Amino acid sequence: MRKISLLLLLVLFLNSCHKDDDSPIEDSTPERTVLVYMAAENNLATFADNDLNEIRLGSKSLTDKQQLIAYIDRAGTTPPFFARIKDGQYVDSVSVEESLTADPAILEKAMNYMHTNYPAKSYGLVLWGHASGWLVSKDSVAYAQSRAYGGDTGNGSSSSSGNYWMNIPSMARAIQNGMASIPLTFIMGDCCSFGCVEIAYELRNITEYVIGSPAEIPDEGAPYDLIVPDLFSSSADFYKSVIDHYYNYYLDMYKNQGNPPRYYNLAYGDLEGYSVPLLSIKTSELEALATKTAELLSTIKDKLGPEGSFNFTNKMCYAQYGNYRYSYDMFNILKSNTAESDFNLWSATFWNAIPYHFNSLCWYSPYTQLPNDMKSFDGQADDCGVLSMFIPNTKYRNTSPNWNKTIQQFQWNNVIQWQQYGW
C-alpha cells in the first residue's frame with residue numbers, strides 16, 4: 001500500500017512539472033510607442049525647450065512597456081537627433097544629419113525609425129510645430145503665401161515661423177510609408193488648425209483617431225507633463241483625458257495668469273473664460289460622413305455656387321490666414337444653411353465621427369478680426385461640433401494659390417466634388 005502511495009505522489013509531481021512547462025510565456029512586447037516629431041527650427045524654439053522639460057516630467061510616469069521617442073530639430077542647437085525619453089532623461093540618443101523637418105522624406109524616416117527600433121503593439125504620433133490646416137503650398141520649398149505643417153527656417157535660426165512646409169497629402173504618404181502601412185492608434189496635432197475634416201479624411205487610413213484643435217493654439221502648446229501618461233492609456237476613450245487636461249490647463253492659465261499678467265501682456269482677467277477648442281475624430285466614420293455631407297450639400301445647390309447665397313455671416317470661424325477667414329465650424333455653418341429635417345439626418349452621422357469634443361467660444365488670437373467675430377457669433381457652444389470645414393467663396397479667388405482650386409487636391413473632394421458647384 002505504501003509503494004502505491006509513493007507511486008501516486010511521483011505521478012502527481014511529474015504532472016505538476018509538466019503543467020509549469022506548458023504555462024504561457026509572458027508577452028514582453030511593449031504596449032505602445034509614441035513619437036513626438038518636433039519641428040522647432042523656427043520661432044518656437046524657446047517653447048520647445050519648455051515642452052521638452054514637461055515631456056521629461058511626464059515620462060517619469062511611464063512603464064518599461066511604454067516607449068516615448070522624440071525627433072528633435074531645434075534652432076541654434078546641435079544637429080537633429082532621436083532619443084528615447086525615459087524616467088525624465090534622454091537615453092539612446094542618436095544624432096542625424098541636418099535636414100528639414102518639413103520634408104516628407106524626413107518624416108518618413110522618423111516613422112520608420114520608431115517602429116523599427118521601438119516595436120510595440122500600438123503606436124501614436126504627436127506633430128509639434130507650426131501649421132495652418134489643409135492650406136496648400138509647394139512641398140518643402142520657399143514660403144509662397146500659404147502653408148500646411150512644419151515651419152522650418154532651413155538655416156538653423158529662430159528668426160521666423162519658417163520658410164519650408166509640408167502639405168497634408170504628402171504627410172499622409174510619408175507616415176504610411178514610414179510605418180510600412182501599420183496603422184497608428186492616434187495622430188495628435190499640437191499645432192494650429194489641425195482639427196479640420198479635410199486633414200482627418202486624408203489621414204483616415206493610417207490612424208484610428210485624429211486629435212487636435214481647429215483654431216490657433218498657444219505657443220506653449222500642450223501641457224505635456226499632464227498628457228504624456230494619457231497618450232499611453234489603454235482605455236478605449238483615452239482621448240478624453242488628453243483633451244480634458246489640455247482644455248482645463250488653459251482655462252485655468254488664462255483665468256489666473258497673475259498680476260502683472262504673464263501671458264500676451266494683457267490685463268489681468270482679459271482672458272478669463274478663454275481656452276482652446278479641441279476634439280477627437282474617429283476616422284473609421286469619416287467615409288460615411290463624407291457621403292452624408294455630399295448628400296446634404298446637394299439639397300442646397302443653389303446656395304453653393306459663385307453666385308449663391310450661402311450665409312457666412314456671424315458663423316463660428318476658427319482660423320484666419322492673411323485677411324481671409326477660411327476655417328468654419330462644420331456643424332454650425334451647415335445647420336445655418338440647410339433645412340432642419342435634412343440637417344438632423346446628417347447630424348447623427350456627424351456625431352458618430354466626433355466621439356469627444358470640448359468647445360471654447362473664445363481663444364487667444366493675434367488677429368483682430370477673429371476676436372471681434374467671437375463677440376458677434378450668433379450661437380452657443382452647443383451649436384458647434386468643433387470640426388472645421390472649408391467652403392469655397394468668391395473672395396478666395398484672390399489667394400495664391402487659389403484655395404477654391406487647391407481644396408480639390410484633397411481626397412475629401414473626391415466625394416464632395418466642389419467643382420460641380422462651379423468652383
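Residues numbered from 1 in each chain as written. Predicted model: local features only at pLDDT ≥ 70, side-chain atom pairs only at ≥ 80, totals over all residues. Heavy atoms only, no water.

Chemist: How do you make sense of the pairing of strand E4 (residues 89-95) when you look at a structure like this?
Modeler: Look at any regular strand and the pattern is simple: side chains alternate between the two faces of the sheet. In terms of strand pairing, strand E3 (residues 81-86) meets E4 through five bridges, oriented antiparallel. Its bridge partner being in E4, Arg84 is matched across the sheet by Val91. (Pairing = 2+ DSSP bridges. Helix = DSSP H or I, 4+ residues; strand = E, 2+ residues; numbered from the N terminus.)

Chemist: What is the right way to read the packing of aromatic side chains from this model?
Modeler: Each pair of aromatic rings is reported with the distance of its centres and the angle of its planes. Counting across every chain of the model gives 35 aromatic pairs. Pairing Phe82 with Tyr113 gives two aromatic rings, centres 3.9 Å apart and planes at 15°, and the pair type is stacked. A residue pair is termed long-range when its members are at least 10 positions apart, and Phe82 in strand E3 and Tyr113 in helix H3 (residues 104-117) qualify at 31 residues. Comparing Phe82 with Tyr113 shows no difference in burial state: the two are buried. Ring centres of Tyr254 and Tyr274 lie 6.3 Å apart, and the angle between their planes is 75°; on these two criteria the pair is classed as edge-to-face. With Tyr254 in helix H7 (residues 238-255) and Tyr274 in the loop between H7 and strand E11 (278-282), this pair connects stretches of sequence that are 20 residues apart. Across this residue pair, the class does not change: Tyr254 and Tyr274 are buried. By way of ring pairs, the aromatic residues Trp134, Tyr321, Tyr324, Tyr326, Phe390, Tyr396, Trp403 and Phe410 are connected into one cluster. For Arg32, the ring lying beneath its charged end belongs to Phe238, and the centroid distance is 5.5 Å. Above the ring of Tyr201, the side-chain terminus of Arg204 is found at 3.9 Å from the ring centroid. (Phe/Tyr/Trp six-rings, centres within 6.5 Å; stacked < 30°, edge-to-face > 60°. Buried < 20%, exposed > 50% of the residue type's maximum accessible area, 1.4 Å probe, protein only. Lys NZ or Arg CZ within 6 Å of the ring centre and 35° of its normal.)

Chemist: Looking at this model, I keep getting lost on helix H2 (residues 45-59). Mind explaining?
Modeler: Within an α-helix, residues lying three or four positions from one another point in the same direction, as the helix has 3.6 residues per turn. The end-to-end C-alpha distance of H2 is 21 Å, a good match for the 21 Å that 15 residues give at a rise of 1.5 Å each. By the burial criterion, the buried members of H2 are Ala45, Ala48, Asp51, Leu52, Glu54, Ile55, Gly58 and Ser59. Taken down its axis, H2 places every buried residue within 165° of arc, on the same side. (Expected span 1.5 Å × (residues − 1). Arc of directions from axis to C-beta.)

Everything listed is a geometric property; what it means functionally is a separate question.
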